[in-house]
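# Breakdown of the fold
Here is how the chains run, residue by residue.
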Amino acid sequence: MQMFDLLVNISPKQKVFLSAVRAAMEQCFGADQRRIDHALQVSRYAGKLLPYIEADPVLTLTSAYLHDIGIHEAERKHGSNAGNWQELEGPPIASAILAELGAECRFIELVAEIVGNHHTSCAVDSAEFRIIWDADALVNFAEVLPAKSAEQVEALLRRHMVTEAGFQIARKLFLEEGKS
Ligand SMILES: [Fe+2]
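Residues numbered from 1 in each chain as written. Predicted model: local features only at pLDDT ≥ 70, side-chain atom pairs only at ≥ 80, totals over all residues. Heavy atoms only, no water.

What follows covers the coordination of the iron ion. At the metal site, the iron ion is ligated by His 38 (NE2), His 67 (NE2), Asp 68 (OD) and Asp 136 (OD), and these contacts range over 2.2 to 2.5 Å. Each of the four donor atoms bound to the iron ion contributes to angles spanning 83 to 170 degrees, and the resulting shape is irregular. Positions of the donor residues of the iron ion, expressed as sequence spacing, correspond to H-x28-H-D-x67-D. On the criterion of sequence distance, the pair formed by His 38 in helix α2 (residues 33-49) and His 67 in the loop between α3 (57-66) and α4 (71-78) is long-range, its members being 29 residues apart. Comparing His 38 with His 67, the two get one shared label, buried. (Donors = N, O, S within 2.8 Å, 3.2 Å for Na, K, Ca; no water. Tetrahedral: all angles 85-135°; square planar, octahedral: opposite > 155°, others 65-115°. Helix = DSSP H or I, 4+ residues; strand = E, 2+ residues; numbered from the N terminus. Buried < 20%, exposed > 50% of the residue type's maximum accessible area, 1.4 Å probe, protein only.)

Among the nonpolar cores identified, the biggest contains 57 residues, and Met 25, Leu 66, Leu 98 and Leu 157 are the most heavily contacted of them. Of all elements in the fold, only α1 (12-29), α2, α3, α5 (83-100), α6 (105-115), α7 (127-144), α8 (150-160) and α9 (164-179) reach the threshold of two or more residues within this core. Among the elements that line this core, the one with the most residues is α7, at ten residues. (Core = buried A, V, L, I, M, F, W, Y, C linked by side-chain atoms within 4.5 Å.)

A few words on the environment of Arg 22. Among the secondary structure elements, Arg 22 is positioned in helix α1. By relative accessible area, which is 26% here, Arg 22 ends up partly exposed. Sequence separation of Arg 22 and Ala 64 is 42 residues, and the distance between their C-alpha atoms is 9.5 Å.

Next up on the list: the pattern of salt bridges. Under the definition given, this model contains ten salt bridges. Ionic pairing is found between Glu 109 and Arg 106, a salt bridge with its closest N-O pair at 2.8 Å. In this pair, Glu 109 and Arg 106 both sit in helix α6, three residues apart, roughly one turn of the helix. By relative accessible area, which is 52% here, Arg 106 ends up exposed. (Salt bridge = Lys/Arg side-chain N within 4 Å of Asp/Glu carboxyl O.)

Contact geometry of α2 with α7 gives a least axis separation of 8 Å together with a crossing angle of 125 degrees. Relative to α7, the element α2 is oriented oblique. Seen from above, α2 lies across α7 with right-handed handedness. Contacts between α2 and α7 pair His 38, Gln 41, Val 42, Tyr 45, Ala 46 and Leu 49 from the former with Ile 131, Asp 134, Ala 135, Asp 136, Leu 138, Val 139 and Asn 140 from the latter. (Axes fitted to C-alpha atoms, helices over the stretch in contact; angles between N-to-C directions. Parallel < 35°, antiparallel > 145°, perpendicular 65-115°, else oblique. Left-handed = near helix turned anticlockwise from the far one by under 90°. Contact = heavy atoms within 4.5 Å.)

Next up on the list: the layout of surface pockets. Regions of empty space are outlined by a rolling probe, equal in size to a water molecule, passed over the atoms. Roughly 450 Å³ of volume is contained in the largest pocket. Elements represented by at least two residues in the lining of the largest pocket include exactly α2 and α7. Counting residues per element, the lining of the largest pocket draws most heavily on α7, which supplies nine residues. When the residues that make up the lining of the largest pocket are grouped by side-chain class, the tally is seven nonpolar, seven polar and five charged. (1 Å grid on protein atoms, 1.4 Å probe; cavity = no way out; pocket = protein on both sides within 12 Å on 5 of 7 lines; lining within 4 Å. Points joined across faces, edges and corners; volume = space filled by probe spheres on them. Nonpolar A, V, L, I, M, F, W, Y, C, P; charged D, E, K, R; others polar.)

Our next topic: α8. Of the positions making up α8, those classed as buried are Val 153, Glu 154, Leu 156 and Leu 157. Projected down its long axis, α8 carries its buried residues within an arc of 165 degrees, all on one side. Across α8 from its buried face, at more than 90 degrees, point the exposed residues Glu 151, Arg 158 and Arg 159. (Arc of directions from axis to C-beta.)

Right, let's talk about the packing of aromatic side chains for a bit. Applying the stated rule across the entire model yields two aromatic pairs. Ring geometry for Phe 17 versus Phe 107: centroids 5.8 Å apart, planes at 75 degrees, classification edge-to-face. Highlighted residues: Phe 17 in helix α1 and Phe 107 in helix α6, separated in sequence by 90 residues. Overall, Phe 17 belongs to the buried group, its relative accessible area being 17%. You can call Phe 107 buried: its relative accessible area is 16%. Ring plane angle 25 degrees and centroid distance 6.2 Å describe the contact between Phe 129 and Trp 133, whose orientation is recorded as stacked. Taken as a pair, Phe 129 and Trp 133 lie in helix α7 at a separation of four residues, close to a single helical turn. A residue is classified by how much of its surface remains accessible, and Trp 133, at 11% relative accessible area, is buried. (Phe/Tyr/Trp six-rings, centres within 6.5 Å; stacked < 30°, edge-to-face > 60°.)

In structure tokens form, the structure reads like this:
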């Protein structure tokens with residue numbers, strides 16, 4: 001898996017596990033390529049943030065792959081992909097996937113906690129949660145920020161981003177490159 005920075009320490013065994021998580025996510029989303037692409041983009045940004053932030057890379061990347069895993073179930077059961085329904089429906093699906101892959105209970109609990117709170121600002125006080133929050137924002141903001149002025153973008157990023165590295169990448173993407 002070449003997508004993650006060399007500075008991030010991931011053992012060959014962990015890489016195999018992460019590939020299996022990714023494959024399970026893709027299988028779960030099936031033909032919904034948009035969701036798969038989103039999860040992959042978020043995991044790529046999480047991988048970019050990891051060298052700057054002391055966090056567990058396997059927990060972070062697993063959570064990145066699975067953070068939106070409840071979206072189909074939210075739509076099916078509640079007719080909505082609103083954040084609160086995703087937070088409700090995601091953890092059992094993420095937990096089942098990880099149990100199937102033989103993950104440890106504590107690890108599954110930690111992923112479920114991130115998946116179950118990923119639309120709630122500062123809900124979990126952990127570096128892994130902050131990375132998912134910012135990585136998700138880096139992907140989602142690409143759709144909404146181009147319509148805003150530089151001042152609005154700056155203010156929004158200052159309010160929203162929760163890691164220094166995420167904030168700096170966002171500034172580069174949406175203020176420097178976006179305006180050139
Ligand atoms: Fe997301």
